[in-house]
Each structure stands twice: as C-alpha cells, then as structure tokens.
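Single-letter residue listing:
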Amino acid sequence: FMVEISTDKGVKGYGSGGPGGGYVVEQHLVKLLLGEDPFDVERLWDTMWRATMHYGRMGLVINAISGVDLALWDLIGNATGLPVYKLLGGQTKPDGIPAYCTGNDLEQHIQFGYKRLKLAAPHGPADGKEGMQKNLELIKHTRELLGPGGDIMLDCWMAWTERYTIEMAELAAPYKVYWMEEVLQPHDYAGFGRLNAQIKSTRIVTGEHEYTRYGFRYLLEHKAASIWQPDIHWCGGLTELRRIAAMAAAYDIPVIPHG
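Remember, it's a predicted structure, so these values are computed and weren't measured experimentally.

Enquirer: Explain helix H6 (residues 128-146) residue by residue, including any values.
Expert: In this model, H6 (19 residues) spans 28 Å end to end at C-alpha, consistent with the 27 Å of a helix rising 1.5 Å per residue. Turning to H6, its buried residues are Gly131, Met132, Asn135, Leu136, Leu138, Ile139, Thr142, Arg143 and Leu146. Angular distribution of buried residues about the axis of H6 spans 155 degrees; they occupy a single face of the element. Those residues of H6 that are exposed and angled more than 90 degrees off the buried face are Lys129, Glu130 and Glu144. On the buried face of H6, the contacting elements are helix H5 (106-111), strand S4 (116-120), strand S5 (151-155), helix H7 (162-172) and strand S6 (177-181). The first or second residue beyond H6 is Gly147, which carries a positive phi of 80 degrees.

This is how it looks when you write it as structure tokens:
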C-alpha cells in the first residue's frame, strides 16, 4: 500500500508499506499525525509505536508504521530539496554497489550481466532425498553457468528444518554457496543460532520477516545470523532500519536489506 502525506505548505511525501497496513494508517495513525511537524520524524515514530503497542509490535501494524515513516522521509527530502541519503550523512559507498538477481531463470539473468544469483530453492523436507538431489542439481548447474567467480545464494523461504539445512549445506559445499536464507521459520531464533554455529561452508542469513530493533535483538542474542536482511517496508521504515543497522554495526554484522 502507498501512503501520501501533505503539509499546509503544499509539500508531499510518499511511502510504501507492507501488506495490510493501509487500514491501520487510515483508522489510527492519521489522527496521530494531523498538525504535527513532519521533521520530528523520530518523535512521530515513537508516538506511532507506543500508540499501537497494545495490538501491534510486529506484522501488519509495523507495515503501516513503515509506510508512514518512509512518506515522512520523502516529504523531508522534498521540503529541503535533498535526496534522503544526503540527509542521512551523505555517500558512504563507492559509485557501484554489487547487485544480485533472485529467481531461477538463470540463463536470462546471466545474459543481463548478473554475476550473483539467488536461487529459489524448489524443494524441501517433504520432497525427501529426491527433492534434495534436485536442489543440488540446480546449485551445480548454476555454478557451471557462473563459473568460479560468481556468487550463489539460496532462498529457502522459511520451509526447511535444521537437519535438512545441515544436510543441504554439506551437499552444496563443493559449489561454494554464499548464503542460505530463511531456512527456518522466523521465530526459531534458537534453531538459527545452532545452525549459524555449526555450519561453516556457507552463511546463515535471515531478517526479512523480522520487525523493529526488538526483533533483531533476538537474532543478536542467539547469534542467529551472519547477515541481517531487514525489509525497509516491513521492519519499521527508514527510522527503525537505521537503529537496526547501528546495532548490527556494533557487532560487525553486515546488513543487506531485503527488497
């Protein structure tokens, strides 16, 4: 869903949030924002968080706050005539940032110039050894197409188990998989922690379906992931993503935002 915020000066900002958040914005958050200064983005985030805490804290409600927060940042950028990255402190990365492409249309993605491919793992524990072998064949074929220099990632979308992940990691080790993403359901912090400690042939990563700094604190406490993947449209917007990234930086955990 999209949020539009307008000011009495005629300046507007737009932000997109995760699924279902529009109702919360219309029925609750609007009355918290009317008449406020959009530059008070930190205080407005805290107001929305505290006002929705009794029925929110994650999921749809944080999707709503994310959309509003992104619209506020967009509005501030439009009001000042500056791109938002300048408001955050300016450029910190080189002009070129490596990108990866997700999906299993391998030949097309390579034709488009991608050297880093994230595969949608097509099989899980319910498919048994045969499915595991098909996963492996996809990984092997991708490595053959990429050559030794490219990166392969696996998106497992919350569908595997600990044992299945360990066995797949062992099978895939010769093909140098860069990471395995969301192998378990997002609330299984202890399971992620065990996998992250045990598996050395690849990186265990997650965070796409995690909410706010408090959710990522659970990942930190369980040492659950080598890379965090917050989604700016779902985790609480740019204001909260900065806090998540600061917490990660203190522990040298890379942050690669989802989406």
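We are not done yet, so read on.
Enquirer: An account of the packing of aromatic side chains is needed here, citing residue identities and associated values.
Expert: Applying the stated criterion across every chain, the model contains seven aromatic pairs. Where Tyr178 meets Trp179, the ring centres are 6.0 Å apart and the plane angle is 55 degrees; that geometry is what we call tilted. In this structure Tyr178 comes out as partly exposed when scored by relative accessible area, which is 29%. Relative accessible area serves as the criterion here: at 2%, Trp179 is assigned to the buried category. Pairwise contacts between aromatic rings join Trp45, Trp49 and Tyr214 into one cluster. Sitting above the plane of the Tyr178 ring, Arg203 keeps its charged end 3.8 Å from the centroid. In this structure, Arg243 packs its charged tip against the face of Trp45, placed 4.8 Å from the ring centre.

Enquirer: I'd like to hear about unusual backbone geometry, residue by residue, with values.
Expert: With the exception of glycine, most residues fall at negative phi, and the peptide bonds are largely trans. Located in the positive-phi region is Trp157, a residue other than glycine, with phi close to 45 degrees. Along the chain, the position of Trp157 falls in the loop between S5 and H7. For Trp157, a relative accessible area of 51% translates into the label exposed. Despite not being glycine, Met158 has its phi angle at roughly 65 degrees, a positive value. Here Met158 shows up in the loop between S5 and H7.

Enquirer: Could you give an account of the pattern of salt bridges, naming the residues involved and the relevant values?
Expert: A side chain with one charge may pair with a side chain of the opposite charge, provided their charged atoms come close. Applying the stated rule across the entire model yields 14 salt bridges. Residue Glu42 is joined to Arg243 by a salt bridge in which the shortest nitrogen-to-oxygen separation is 2.5 Å. Placement of Glu42 in helix H2 (residues 41-52) and of Arg243 in helix H10 (residues 237-249) is noted, with a sequence separation of 201 residues between them. Across the pair Asp151 and Arg116 runs a salt bridge, and its minimum N-O distance is 3.3 Å. Highlighted residues: Asp151 in strand S5 and Arg116 in strand S4, separated in sequence by 35 residues. Here the salt bridges do not stand alone but share partners, grouping Glu42, Arg213, Glu240 and Arg243 into one network.

Criteria and cut-off values
- Residues numbered from 1 in each chain as written.
- Predicted model: local features only at pLDDT ≥ 70, side-chain atom pairs only at ≥ 80, totals over all residues.
- Heavy atoms only, no water.
- Helix = DSSP H or I, 4+ residues; strand = E, 2+ residues; numbered from the N terminus.
- Expected span 1.5 Å × (residues − 1).
- Buried < 20%, exposed > 50% of the residue type's maximum accessible area, 1.4 Å probe, protein only.
- Arc of directions from axis to C-beta.
- Contact = heavy atoms within 4.5 Å.
- Phe/Tyr/Trp six-rings, centres within 6.5 Å; stacked < 30°, edge-to-face > 60°.
- Lys NZ or Arg CZ within 6 Å of the ring centre and 35° of its normal.
- Salt bridge = Lys/Arg side-chain N within 4 Å of Asp/Glu carboxyl O.

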